[in-house]
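These are the residues of each chain, in order.
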Amino acid sequence: MKRYACFFFLWIFIGALLWPSIAWAAYGETPPATASQTSVVMDAATGQVLVEKGMDHMMYPASITKIMTVLLALENGDPDKIHTMSYEATHSIDPNSTHIALTEGEQLSLRDLMFATMIASANDAANGVAECVAGSIDQFVVMMNEKAKEIGAVNTHFANANGLHNTDHYTTAYDMALITRYALGVKGFREYWRAEEYTIQPTNKQAKARQMGTQHSMFVESQFTYEGCTGGKLGYTGEARHTSATSAKRGDIELICVTMGSQKYEKYEDTAALFDYCFDSFDKLTLSKLHLKGFVIPVMEGDTQVQEVRIYPDNSIDLLLHRQYSADDLSLEYQVPESYRVGEDVIPSVKVSLKAQSGSMYADLGSFPLQFSLADTAEQKLDEATGLPVKDNSLFWKNLLGVLKWVGVTLAAVAGCAVLVLLLAWVRRFLHRRKRRRHQRRRERLEAKRAAELRARQVAILRARKRIEEERARGVRQSGPVRISIQSGTQQRYSQTGRTATAVRKGRR
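This write-up is about the structure you can find in this document. Remember, predicted model here, so these are calculated numbers, not experimental data.

Right, let's get into empty space enclosed by the protein. Enumeration according to the criterion identifies 1 cavity of 30 Å³ or more in this entry. Its volume calculated, the largest cavity comes out at about 30 Å³. Of all the secondary-structure elements, those providing two or more residues to the lining of the largest cavity are strand S9 (253-262) and helix H9 (266-281). Class assignment of the residues belonging to the lining of the largest cavity gives a composition of 7 nonpolar, no polar and no charged.

Take a look at the structure:
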């Protein structure tokens, strides 16, 4: 048993030594080469960019524009509202573009129009969504551009609701990833994002039902099916070429990939390759509050301090980091001024980046807001010698208490583990001693049984000999064998020929 245990721990030791090289072989050092003109992979939870290729270059989005169209409809419209299609909505699109042949005066619900916009990528349906929500297509475009700026897509400008080519209708891969990330958080959007098929029932202008199915091949059964894909939207115009926005989830990580300026099948191949690289090469890293700093910044009115801003890290920061890096490779740059003026916006943050440029991942991991509170300084104590405000050490004590709390939790966990180990050792020893006592009692019973059988056998032999001697003494002779039965739990048979007697034992051992 000891030999097997030694071999077991030896294999664990060897595995620990070899694991870094084995794990390194499981992920790539550099992102895969892609055919798309621009691309980006973004963490859906935080907005962190993992890898990119020309993500800030201006591109035409084509029908992935409809992501913005549907998210605005969900935020501002009622899916059950019935809309009547106008002449402009049905006749302002290129008849050779994608549509579902809606006609002027046709009535459909906003839900029908949104599903047709996302699944069939119908340009006439997108126009219907715009009119239903904003009253006109032009007013809806205004809403689209306002929402883009609100989301942070500062390099985006929309000119229509469907994505048909217009030189004033442009975006970037990064901006489309931001818009997609925002849309995934809008209530009800994922129902349209991952929908595979939908049927519009007959309307006042169409006697037959309209059946439609998605053209996105990564979340339906096809040669490009990607395990974990949670939805997507495709686009195409001659000027934009193929565009795509796709999301996929593995474990507790969900990523968004946008490709622009692709060929028909390249968008799938590039998206799958980028997803595989990021899922295989990145792990979650949490920067706890202990990694971050706190600040006390004065609020000045003229030359007088009237308040102070207490900036503190109240939440941890979750990041995705390539496996060849650790927290020691990160640089933290605090966006905190030396002082604020009265009325100035307070937006403290910390920018996280790699200390050196990397070919494995995007070096800028993002900026993260810090919590803060305003405190009056009228009651602040002044130093009698200098007349300056006494430094507030409350933040120090707060951080110290936090450290002591975690130290206490750690010690309690270690103590609990030690108690558990001791308890298991005691149980093991108890069971072992109990087993030994049981075996000892069994041996004692067997030995007592054998001793009793031996004594009974000896007594039987002595009685038989004594009887034979008595018969000799009386001069009794027998020509055949003498059979003597002994009732002592053991049967014996004795034969006498001349002066010899033999005992043969029968029965149980």
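Take the environment of Ala101 next. Tracing the backbone shows Ala101 in the loop between helix H3 (87-91) and strand S4 (107-109). The class of Ala101 is partly exposed, set by a relative accessible area of 42%. Counting along the chain gives 22 residues from Ala101 to Asn123, while the straight-line C-alpha distance between them is 9.7 Å. Excluding anything up to four places from it in sequence, Ala101 contacts Glu106, Asp124 and Arg210.

This brings us to the layout of surface pockets. Sizing a probe to match a water molecule and rolling it over the atoms shows the empty space that remains. Taken as a whole, the largest pocket holds about 620 Å³ of empty space. Around the largest pocket, the lining is made up of 35 residues, and of these Thr98, Ser121, Leu234, Gly235 and Tyr236 lie nearest the centre. Contributions of two or more residues to the lining of the largest pocket are made by strand S6 (210-213), strand S7 (229-237) and H9. Per element, the largest residue contribution to the lining of the largest pocket is 6 residues, and it comes from S7. When the residues that make up the lining of the largest pocket are grouped by side-chain class, the tally is 11 nonpolar, 18 polar and 6 charged.

Moving on, we come to the sheet that holds strand S17 (residues 364-369). As summarised here, the arrangement of the 3 strands in space is S14-S16-S17, forming an open sheet in which the pairing is antiparallel. Among the strands making up the open sheet, the edge pair consists of strand S14 (330-335) and S17. Averaged over neighbouring strand pairs, the angle between their axes works out to 20° when direction is ignored.

In this section: the packing of aromatic side chains. One pair of aromatic rings is described through two measures. These are the centre distance and the angle between the planes. Inspection of every chain in the model, using the stated rule, returns 10 aromatic pairs. Summarising the aromatic geometry, the rings of Phe115 and Tyr198 are spaced 4.2 Å apart at their centres and angled 15° between planes, so their arrangement reads as stacked. Placement of Phe115 in helix H4 (residues 110-118) and of Tyr198 in strand S5 (residues 197-200) is noted, with a sequence separation of 83 residues between them. In this structure an aromatic cluster arises from ring pairing among Phe115, Tyr192 and Tyr198. Of note, Lys267 hangs over the ring of Tyr268, and the distance from its end group to the ring centre comes to 4.8 Å.

With that settled, consider the sheet that holds strand S2 (residues 49-53). Sheet architecture is open: 5 strands sit in the order S2-S1-S9-S8-S7, paired in antiparallel fashion. Strand pairing shows two members of the sheet lacking a second neighbour, S2 and S7, which therefore form its edges. Strand-to-strand twist of the sheet, defined as the mean angle between neighbouring strand axes without regard to direction, takes the value 5°. Looking at chain direction, strand S1 (residues 38-43) and S9 are connected through 6 bridges and run antiparallel. Bridged to Ser39 within S9 is Thr259.

Take the nonpolar core next. Ranked by size, the top nonpolar core spans 62 residues in total, and within it Ile67, Met68, Ile179, Phe189 and Val258 carry the most contacts. Residues within four places of Ile179 in sequence aside, it is in contact with Ile67, Met68, Leu71, Ile151, Ala153 and Phe158. Tyr268, Leu274, Tyr277 and Ile297 belong to the second-largest nonpolar core, a separate cluster that totals 45 residues.

Conventions we followed
- Residues numbered from 1 in each chain as written.
- Predicted model: local features only at pLDDT ≥ 70, side-chain atom pairs only at ≥ 80, totals over all residues.
- Heavy atoms only, no water.
- 1 Å grid on protein atoms, 1.4 Å probe; cavity = no way out; pocket = protein on both sides within 12 Å on 5 of 7 lines; lining within 4 Å.
- Points joined across faces, edges and corners; volume = space filled by probe spheres on them.
- Helix = DSSP H or I, 4+ residues; strand = E, 2+ residues; numbered from the N terminus.
- Nonpolar A, V, L, I, M, F, W, Y, C, P; charged D, E, K, R; others polar.
- Buried < 20%, exposed > 50% of the residue type's maximum accessible area, 1.4 Å probe, protein only.
- Contact = heavy atoms within 4.5 Å.
- Pairing = 2+ DSSP bridges.
- Axes fitted to C-alpha atoms, helices over the stretch in contact; angles between N-to-C directions.
- Phe/Tyr/Trp six-rings, centres within 6.5 Å; stacked < 30°, edge-to-face > 60°.
- Lys NZ or Arg CZ within 6 Å of the ring centre and 35° of its normal.
- Core = buried A, V, L, I, M, F, W, Y, C linked by side-chain atoms within 4.5 Å.

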